[in-house]
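Descriptive structure summary
Letter by letter, the chains look like this.
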Amino acid sequence: MKATSSYLQELTKGILKENPVFISVLGMCPVLGVTAFLVNGFGMGVAATAVLVASNLVISLLRKFIPPQVRIPCFIVVIATFVTIIEMVLKAFQPVLYEALGVFVPLIVVNCIILGRAEAFASKNSPLRSLLDGLGAGIGFTLALLILAAVREIIGQGTILGPDPESAIHLFGANFEPMALFAQPSGAFIALGLLLAGVNSVMKRLNI
Amino acid sequence: MEKLLSIFFIYIFVENFVLQRFFGICPFLGVSRKMETAIGMSMAVVFVMTMATLVTWLIYTFVLVPFGLGYLQIVTFILIIASLVQLVEIVLRKISPTLYQGLGIYLPLITTNCAVMAVALLAVRQEFSLIESVIFAISASIGFSLALVIMAGIRERLELAKIPDILQGTAVTLITAGILSMAFLGFKGMMTL
């Protein structure tokens, strides 16, 4: 009947082979927008993964009841609801992170990754598979955020665990002048472009 | 009046929504291949963004807030945007089928354009008045269009250049966007609200 991919494959495909950021080039806005600091990137990744898993699950459970003509607005309402919940949770329990992520938290609702997985997968597969698919894509997304944030923060500011000056770990000593370009928007574009080029060359070598 | 002019100038150049604030990257990367689609997409975005901000501001101020439904902000805003895009699609199919064909998948994708949602949200979160919000939307969308058209012009020439394999496609576009963003850095601090 259906594909014989194992449950483990559903989980891992979102991390490597179908990584939403590096392979499908989706969800670019938060990847560029919140990766000035590692903790922000990580927070965004966790929040987006939570929404992705929850919405994939619910949409998969409801897939037999949603009429095809209005499926996109239905998906959007489900996703928007979970984003609202996550926004409230963040505002209450992680106010510093909430302030740092700013308007990108509600913008999770227009993150193409979430709508994309809902349309391509959750609306056609069982709840367990959809949950794993969402989790995999979310982990892949978080990984991409972490890699870019690591580049930008380590090279661009010389710290890890900034922006809070007390907990920031300065990696290179007090006299280090970081390449401030990478902390700026321009640097984000360039860093991501170079990372994509790197991923392309790795994919070529491995012939995927 | 001064504030309106400042808003208009700032969001086109100083705080360009694509190049400085990272909104609307997906269409920016996707539609900037050819000048015609870029211009078509720009006009659609200007229209949708302005109308969306207008409608969402009105609904937020006169419906959501008085009835204590502020928490429905995200859901209502995105539904309003989705409906407006549907409307533009229907109208465009009637008025200009060629443009409709040219935009293809990218027209319904304006729904997920972070820029439209961001402008609608920021207009109420920064507590702009109605007229300020409309000017804000017009200016942000013109800024988006400017970035998109410039990028389309560059990419059309890049097609003819010799670029290493691994850099082709999105990678070189992103690097170009970075350099473009550096150029726009020149406007920094020119004006503040």
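Just so we're clear, the structure is a prediction, and the values are computed from it rather than from any experiment.

Here's the deal with the overall build of chain B
When helices and strands are counted, chain B shows eight helices and zero strands. Over its C-alpha trace chain B gives a radius of gyration of 17 Å, about what one expects of a compact globule, namely 16 Å for 193 residues. On the principal axes, the C-alpha backbone points of chain B span a range of 60 × 45 × 30 Å. The buried share among the 193 residues of chain B stands at 46%.

What about the overall build of chain A?
The helix and strand inventory of chain A stands at eight helices and two strands. Secondary structure elements in chain A, listed N-terminal to C-terminal, are α-α-α-α-α-α-α-β-β-α. Computed over its C-alpha atoms, the radius of gyration of chain A comes to 18 Å, within 12% of the 17 Å expected for a compact globule of 208 residues. The dimensions of chain A, computed from C-alpha atoms along their principal axes, are 60 × 45 × 25 Å. Counting over 208 residues, chain A shows a buried share of 48%. Long-range contacts, defined here as pairs at least 24 residues apart, represent 76% of the contacts in chain A between residues at least 6 apart.

Thoughts on the interface of chain B and chain A
The interface is formed by 31 residues belonging to chain B together with 31 residues belonging to chain A. Looking at the side of chain B that touches chain A, the element that brings in the most residues is helix α8 (residues 170–184) of chain B, giving nine residues. Tallied by class, residues from the side of chain B that touches chain A come to 26 nonpolar, five polar and no charged.

A closer look at the nonpolar core
In this structure, Val51(A), Ile79(A), Met117(B) and Val119(B) are the most contacted members of the largest nonpolar core, which totals 122 residues. Per element, the largest residue contribution to this core is eleven residues, and it comes from helix α6 (residues 114–125) of chain B. Beyond its immediate sequence surroundings of up to four residues, Val119(B) is in contact with Met49(B), Thr53(B), Phe136(B), Ala137(B) and Ala140(B).

Looking at the packing of helix α3 (residues 38–61) of chain A against helix α7 (residues 127–156) of chain A
Residue and element names in this part refer to chain A. Running from N to C, α3 and α7 cross one another at 165°; their axes reach a closest spacing of 8 Å. The angle between the axes of α3 and α7 places the two elements in the roughly antiparallel class. In the crossing of α3 with α7, the sense of the turn from one axis to the other is right-handed. Here the contact of α3 with α7 is composed, by residue class, of 20 nonpolar, nine polar and two charged.

Overview of unusual backbone geometry
Generally, phi is negative for residues other than glycine and the peptide bonds are trans, each holding for most cases. Despite not being glycine, Phe22(B) has its phi angle at roughly 65°, a positive value. Here Glu127(B), not a glycine, exhibits a phi torsion of approximately 55°, which is positive.

Some points on α3(A)
Over its 24 residues, α3(A) extends 34 Å from the first C-alpha to the last, a length consistent with the 34 Å expected when each residue adds 1.5 Å. In terms of burial, α3(A) is largely enclosed, as 18 of its 24 residues are buried.

Here's the deal with the environment of Gly153(B)
With respect to the helices and strands, Gly153(B) occurs in helix α7 (residues 130–158). For Gly153(B) and Cys114(B), which are 39 residues apart along the polypeptide, the C-alpha to C-alpha distance reads 23 Å.

Side note on the environment of Val46(A)
With respect to the helices and strands, Val46(A) occurs in helix α3. Along the primary structure Val46(A) and Phe141(A) are separated by 95 residues, whereas in three dimensions their C-alpha atoms are 9.3 Å apart.

Some words on α8(B)
Taking 1.5 Å per residue, 15 residues should reach 21 Å; α8(B) reaches 21 Å between its end C-alpha atoms and fits that length. Every buried residue of α8(B) is listed here: Ala171(B), Val172(B), Thr173(B), Leu174(B), Ile175(B), Ala177(B), Gly178(B), Ser181(B) and Phe184(B). At its buried positions, α8(B) is contacted by α8 (185–205) of chain A together with α1 (2–14), α2 (25–30) and α7 of chain B.

A word on the environment of Tyr71(B)
Residues and elements named next belong to chain B. Among the secondary structure elements, Tyr71 is positioned in the loop between α3 (35–64) and α4 (73–95). Judged by the 12 C-beta atoms lying within 10 Å of it, Tyr71 is exposed. Tyr71 sits ten residues away from Ile81 along the chain, and the two C-alpha atoms are 17 Å apart.

Comments concerning the confidence of the model for chain A
Confidence along chain A averages 84 in pLDDT terms, with 92% of residues attaining 70 or more. α3(A) holds the highest mean pLDDT among the elements of chain A, 92, whereas strand β2 (residues 169–170) of chain A holds the lowest, 70.

Describing the packing of helix α6 (residues 112–122) of chain A against α7(A)
Residues and elements named next belong to chain A. Two elements in contact, α6 and α7, have axes whose closest approach is 11 Å; the angle formed by their N-to-C orientations is 150°. Regarding the angle of α6 to α7, the classification is roughly antiparallel. Crossing of α6 against α7: the hand is right-handed. Facing α6, whose interface residues are Ile113, Arg117, Phe121 and Ala122, α7 presents Ser130, Asp133, Gly134, Ala137 and Phe141. Within the contact of α6 with α7, the residues separate by chemical class into five nonpolar, two polar and two charged.

Side note on the confidence of the model for chain B
All names here are of chain B. Predicted confidence across chain B gives a mean pLDDT of 87, with 99% of residues reaching 70 or more. Across chain B, the secondary-structure element scoring lowest on mean pLDDT is helix α5 (residues 97–103), at 77, and the one scoring highest is α7, at 92. Predicted complex, confidence summary: ipTM 0.83, pTM 0.86.

Cut-offs applied
Residues numbered from 1 in each chain as written. Chains lettered and ligands numbered in written order. Predicted model: local features only at pLDDT ≥ 70, side-chain atom pairs only at ≥ 80, totals over all residues. Helix = DSSP H or I, 4+ residues; strand = E, 2+ residues; numbered from the N terminus. Rg over C-alpha atoms; globule rule 2.2 N^0.38 Å. Buried ≥ 20, exposed ≤ 12 C-beta atoms within 10 Å, placed from the backbone. Contact = placed C-beta atoms within 7 Å. Nonpolar A, V, L, I, M, F, W, Y, C, P; charged D, E, K, R; others polar. Core = buried A, V, L, I, M, F, W, Y, C linked by C-beta atoms within 7 Å. Axes fitted to C-alpha atoms, helices over the stretch in contact; angles between N-to-C directions. Parallel < 35°, antiparallel > 145°, perpendicular 65-115°, else oblique. Left-handed = near helix turned anticlockwise from the far one by under 90°. Expected span 1.5 Å × (residues − 1). pLDDT = per-residue confidence, 0-100.

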